[in-house]
Number of protein chains: 2
Amino acid sequence: MVSAITERRRKEKDGNKRKRGGGVAEKPPPPPEEELYLCPRGGASSPRTPPPRRSPPRPRGWELRGGAGSMEGGGARNGSTTGAARTGGSGGDAAGGGGGGSAGNGKPLPPCCVKARAAAPESEAKCHATVVSGWFTEPRSRGGKTSKVQYYNNPMWPGEAHSLKVEKILYQGKSPYQEVLVFESSTYGKVLVLDGIVQLTDKDECAYQEMITHLPLCSIPSPKKVLVIGGGDGGVLREICRHGSVESIDICEIDQLVIDVCKDFFPDLSVGFKDPRVRLHVGDAVEFLRNAPEGTYDAIIVDSSDPIGPAQELVEKPFFDTIARALRPGGVLCNQAESMWLHTHLIQDMLSICRETFKGSVHYAWTSVPTYPSGVIGFLLCAKEGPPVNFLTPANPIEKLEGAMEAGRDIRFYNSEMHRAAFVLPTFARRELEAYCTTVEREQQEETTAEPLKMNIMPNSEILTAS
Amino acid sequence: MVSAITERRRKEKDGNKRKRGGGVAEKPPPPPEEELYLCPRGGASSPRTPPPRRSPPRPRGWELRGGAGSMEGGGARNGSTTGAARTGGSGGDAAGGGGGGSAGNGKPLPPCCVKARAAAPESEAKCHATVVSGWFTEPRSRGGKTSKVQYYNNPMWPGEAHSLKVEKILYQGKSPYQEVLVFESSTYGKVLVLDGIVQLTDKDECAYQEMITHLPLCSIPSPKKVLVIGGGDGGVLREICRHGSVESIDICEIDQLVIDVCKDFFPDLSVGFKDPRVRLHVGDAVEFLRNAPEGTYDAIIVDSSDPIGPAQELVEKPFFDTIARALRPGGVLCNQAESMWLHTHLIQDMLSICRETFKGSVHYAWTSVPTYPSGVIGFLLCAKEGPPVNFLTPANPIEKLEGAMEAGRDIRFYNSEMHRAAFVLPTFARRELEAYCTTVEREQQEETTAEPLKMNIMPNSEILTAS
């Protein structure tokens, strides 16, 4: 905390007379903008009531305001920005829809209703049911008597919300599995949103894609067969392709629409699909894994949904069992594993299950991703019993792989030092996760009174801290 | 990115029939809440137009919606939560203020005006000019023809916004320097806001306070004299006090109100003021430094405002010169230095100035703080010419300091491994900062045609990467 304004600065501030000194570049403030609070009168006038859900299905990230209007306008893939499905929006002046702070009937809105004031309707470019006043915003509260207006307060990150300024809606549609939205933001580039939650942005996708891929692949020498669960945007594929040792990459993504939309709007990600080593399987991941030959893969990357709600299955024991079955001895899994700031109980559970399932080393790592809740995302790294894997130090450093740093696109986030640092935990997280693992281990040992579990795992301190 | 929902899950999701499996704890979704969009009719009815400013003065963090109403209700220190100044707010039913989706005159609001819909007015506990619908929200856009409603789009983090759910306003007031707000959030504990920008929250203050303090103090053996610039909340003092070697701590904070409010509402932070080694100086930091005896301090910690706007002075060469003058040879500075995701140009400038000024090692470090923009905050670590300082490895590891881990309050974030990891940069940041430093160094060398600058600095690679 601060309050180190100097007296001179205070006077300058108060009088607004300050002249800037040199030395530090400063951007001028953006030009004044009108406040935009209303949807255009032509569109989005049929508020939708989302069906009750125990929790939203999508993972990390900023969510989507699910208020007035409908997202069902799309549905089919649309290959061009101009042709993308849109909900109404004629632009135009402030009349009718309540623009200009009027209630639409000529009478003024109550002066204390800040939000109801508007100088102009949404511009057509920004018109979408989930974008209000030109901003895409994470949902806030849930339910309500005014049944036409409902927002979610995502139980994965209650009490906080994030917003991104929207320049233009590029695509909206709906698959049998989820709603898909792509927009151009003002400062994070293009944004992919599934079922109301930001999946990635041009600006910070590098952190997620590179870390979830290279943490496992750089931890084992010469990975050859890799499987991706989810990852329909292609970003993980792009990163895997940097590894010349890899001979085949299976990807099992359930939603063809996600693949198609990303090929259209995120060429920097979907470039991953172009590699001849990639074999795409559009379908159910659990079924795919069940049919996969035992002991096939050197590495499996689960680029999955949040571990509550519809993707709950992906963090339960049976799923991890199918993963373990498909891995070769000493093979590795990297699984999206939420934020250490928000979800220690989930991480504890995943750690516990994975230690029991994989019987090799199990670690939690994390990285910074600005557009995910709390600004961080975690990963669970697990090795199957077999040749020991030390995740903490890259056995296969990317800097030494021929062409890896430049393949496709420059590496932007990952490097071997970031790899090591990713396993270093703040004291609170280390304490909570270590304490839990110790308790679970003791309970398990007490249950198996005959002899301790034969788990080829690393000691607790090694599981949760970097060397 | 994801889309790994299984076929079975999809059916469950669609039919909402899913039964949860075991193994992972899940919180039930919060009970439905009414949508709250209007300020209560009794209060906040005089929208305030903030004076034009080139940039807001406060640093990192979430900002405050500066819309309707005024923050000037307080002004004097108020020692109790119940007596804290409040703007209006009678609670009650939905009439008058436009509740229940009515425009206050009995006629319905236009259906497309999502924001204007409300089931109930603000509860009294949440009534504050900057809290709309029970949420404290970072400002969004700036200016506008509707002069009664203005928001800032902070040039330090344009195009994004953050919101926290507000349980209760605890205090609001105004000093000669800034507006002060304290509220209880629903998931981050108490929140301190200065001039509309979040300074700290109970939940994540540990990361900032511990890192800004121990990064410098653990980098030198036996620090004895320490100076804090800013830091009126007391958190940095609390952390310094863990160091038994420290004999005296000067703190120069300009705003007595911040100190008083934090003593009232943040006892976990202000406990730092109770240590007998602390000497408080309420006043101008630049003046204080000018009068400080030369070569006095082992360490100076600048817990300052954002380096644009009124606190610009605190990142300019003359200020750093006064810091360097007050440091003993080999003494260290730790300066708040923004986010590597958002402000590389500022960091480049600060690195350049500090390398020229201090002539010892200069490094950028960063840490995760969820409630600051982009979820991270950085620090500039500088050593004055003299006995060399290697910031990258703690010379004075906190784990070995008697009583340091438990003094006052448990350490929650910092540890020696986090210290080392803090200096590890993502590839993009390393590239941008290294490239810049190399360019600046070459230019400087070309300017001093006679001979290269005699700077006792570490080579570039060492400056920006961890060992």
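The residue numbers shown here count from 1 along each chain, following its written sequence. Chains and ligands are labelled by the order in which they are written, letters from A for the one and numbers from 1 for the other. Predicted model: local features are reported for residues with pLDDT of at least 70 only, side-chain atom pairs are reported and counted for 80 or more only, and whole-chain, interface and lining totals are derived from all residues. Computation of side-chain values covers all heavy atoms of the structure but excludes hydrogens and water.

*Asks:* For this particular structure, what's the right way to read the sheet that holds strand β11 (residues 327–336) of chain B?
*Replies:* Adjacent strands of a sheet pair through backbone hydrogen bonds, lying either parallel or antiparallel. Residues and elements named next belong to chain B. Criterion used throughout: strands pair if DSSP finds at least two bridges between them. Strands here are runs of E lasting at least two residues and helices are runs of H or I lasting at least four, both read from the DSSP assignment and numbered beginning at the N terminus. Ordered in space as β9-β8-β7-β10-β11-β13-β12, the seven strands form an open sheet in which the pairing is mixed. Among the strands making up the open sheet, the edge pair consists of β9 (278–282) and β12 (359–368). Neighbouring strand axes in the sheet, compared pairwise and without regard to direction, differ in orientation by 15° on average. The pairing of strand β10 (residues 297–303) with β11 spans five bridges and is parallel. Bridging from a neighbouring strand, I300 pairs with L333 of β11. Fitting a line to C-alpha atoms yields each axis, with helices limited to the stretch in contact; the angle taken between N-to-C directions then spans 0 to 180 degrees.

*Asks:* Help me out: how do you make sense of the nonpolar core in this one?
*Replies:* The tendency in soluble globular proteins is for nonpolar side chains to be buried side by side. Counting residues in hydrophobic clusters, the biggest one holds 194 residues, and the most contacted among them are I300 of chain A together with I300 of chain B. Here, two residues are considered to be in contact whenever any of their heavy atoms come within 4.5 Å of each other. Residues contacting I300 of chain A, with those up to four places away along its chain left out, are L227, I229, L289, I323, A326, L327, V332, L333 and C334 of chain A. For our purposes a nonpolar core is just a set of buried Ala, Val, Leu, Ile, Met, Phe, Trp, Tyr and Cys residues, chained together by side-chain atoms within 4.5 Å. Partly exposed residues are those whose accessible area sits between 20% and 50% of the maximum for their type, while under 20% is buried and over 50% is exposed, using a 1.4 Å probe and protein chains only.

*Asks:* Would you explain the UniProt feature "active site" (unreviewed entry) in chain A in this entry?
*Replies:* Residues and elements named next belong to chain A. UniProt positions are given in the numbering used here, feature names are shortened, and annotations may be inferred rather than shown by experiment. Cross-referencing UniProt, the feature "active site" (unreviewed entry) maps to D303 in the present numbering. Mapped onto the elements, D303 comes out in strand β10 (residues 297–303). Within 3.5 Å is the distance limit for a polar contact, defined as a pair of N or O atoms, with the added protein rule that one can donate a hydrogen and the other accept it, and that residues adjacent in sequence qualify only through two side-chain atoms. A polar atom in the side chain of D303 sits 2.5 Å from the side chain of Y208.

*Asks:* Could you clarify how one ought to interpret the sheet that holds strand β13 (residues 376–384) of chain A in this entry?
*Replies:* All names here are of chain A. Within the open sheet, the seven strands sit side by side as β9-β8-β7-β10-β11-β13-β12. Their pairing is mixed. Whereas interior strands pair on both sides, the edge strands pair on one side only; in this sheet they are β9 (278–282) and β12 (359–368). Recorded for the sheet is a direction-independent mean angle of 15° between the axes of neighbouring strands. Where strand β7 (residues 225–230) meets β10, five bridges bridge the pair, whose relative direction is parallel. For I229, the partnering residue across the bridge sits in β10 and is V302.

*Asks:* In this structure, what is going on with unusual backbone geometry? I would like to understand it.
*Replies:* Most of the time, phi is negative for any residue but glycine, and the peptide bond is trans. Residues and elements named next belong to chain B. Positive phi outside glycine occurs at D195, with the angle close to 45°. The phi dihedral of S222 falls on the positive side, at around 50°, and the residue is not glycine. With respect to the secondary-structure elements, S222 resides in the loop between α2 (205–217) and β7 (225–230). What makes S222 partly exposed here is its relative accessible area of 38%.

*Asks:* Would you mind showing me how to read the packing of aromatic side chains here?
*Replies:* The way to describe two aromatic rings as a pair is by their centre distance and the angle between their planes. Any Phe, Tyr or Trp ring, taking Trp's six-membered ring, that has another such ring centre within 6.5 Å forms a pair; planes under 30 degrees apart are called stacked, those over 60 apart edge-to-face, and the others tilted. Per the counting criterion, the structure on display carries 17 aromatic pairs over all chains. Both rings, one in W341 of chain A and one in F413 of chain B, keep their centres 5.9 Å apart while their planes meet at 15°; by these two values the pair is stacked. Separated into two different chains, W341 of chain A in the loop between β11 (327–336) and α8 (344–358) and F413 of chain B in the loop between β13 (376–384) and α9 (416–422) make up a pair that spans both. For the pair W341 of chain A and F413 of chain B, a shared accessibility class is recorded, and that class is buried. What links up through ring pairs into an aromatic cluster is the set Y208, Y372 and F379 of chain A. For the cation-ring pair, K263 of chain A lies above F273 of chain A, with the distance from its terminal atom to the ring centre recorded as 5.0 Å. Lying over the aromatic face of Y188 of chain B, K203 of chain B brings its terminal NZ or CZ to 5.2 Å of the ring centre. A positively charged side chain is recorded as over a ring if its NZ (Lys) or CZ (Arg) lies within 6 Å of the ring centre. The angle to the ring normal must also be within 35 degrees.

*Asks:* Help me understand the pairing of strand β3 (residues 160–174) of chain A, please; the structure alone is not making it clear to me.
*Replies:* Looking along a regular strand, one sees the side chains alternate between the two faces of the sheet. The buried count for β3 of chain A comes to twelve of 15 residues, which makes it a mostly enclosed element. As paired elements, β3 of chain A and strand β3 (residues 160–174) of chain B share five bridges and run antiparallel to each other. Bridge pairing links A161 of chain A to S163 of chain B in β3 of chain B. As paired strands, β3 of chain A and strand β4 (residues 179–185) of chain A are joined by seven bridges and run antiparallel to one another. Bridge pairing links Y171 of chain A to V182 of chain A in β4 of chain A. The turn linking β3 of chain A back onto β4 of chain A is made up of four residues.

*Asks:* Can you walk me through the packing of helix α7 (residues 317–326) of chain A against α8 of chain A in this structure?
*Replies:* When two helices pack together, their arrangement is given by the angle between the helix axes and by the axis-to-axis distance. Residue and element names in this part refer to chain A. Running from N to C, α7 and α8 cross one another at 40°; their axes reach a closest spacing of 10 Å. When the interaxial angle is binned, α7 and α8 end up oblique. Of the two possible hands of crossing, α7 and α8 adopt the one that is right-handed. Residues K317, F320, D321, I323 and A324 of α7 form the contact with α8, whose own contacting residues are M350, I353, C354, E356, T357 and F358. For the contact of α7 with α8, the class distribution of residues is seven nonpolar, one polar and three charged. Oblique is the label for any angle not covered by the other classes, which are roughly parallel (under 35 degrees), roughly antiparallel (over 145) and roughly perpendicular (65 to 115). Here a crossing is called left-handed whenever its near helix is offset anticlockwise from the far helix by less than a right angle, and right-handed whenever the offset is clockwise. Polarity classes work like this: nonpolar for Ala, Val, Leu, Ile, Met, Phe, Trp, Tyr, Cys and Pro, charged for Asp, Glu, Lys and Arg, and polar for all others, with Gly in that last group.

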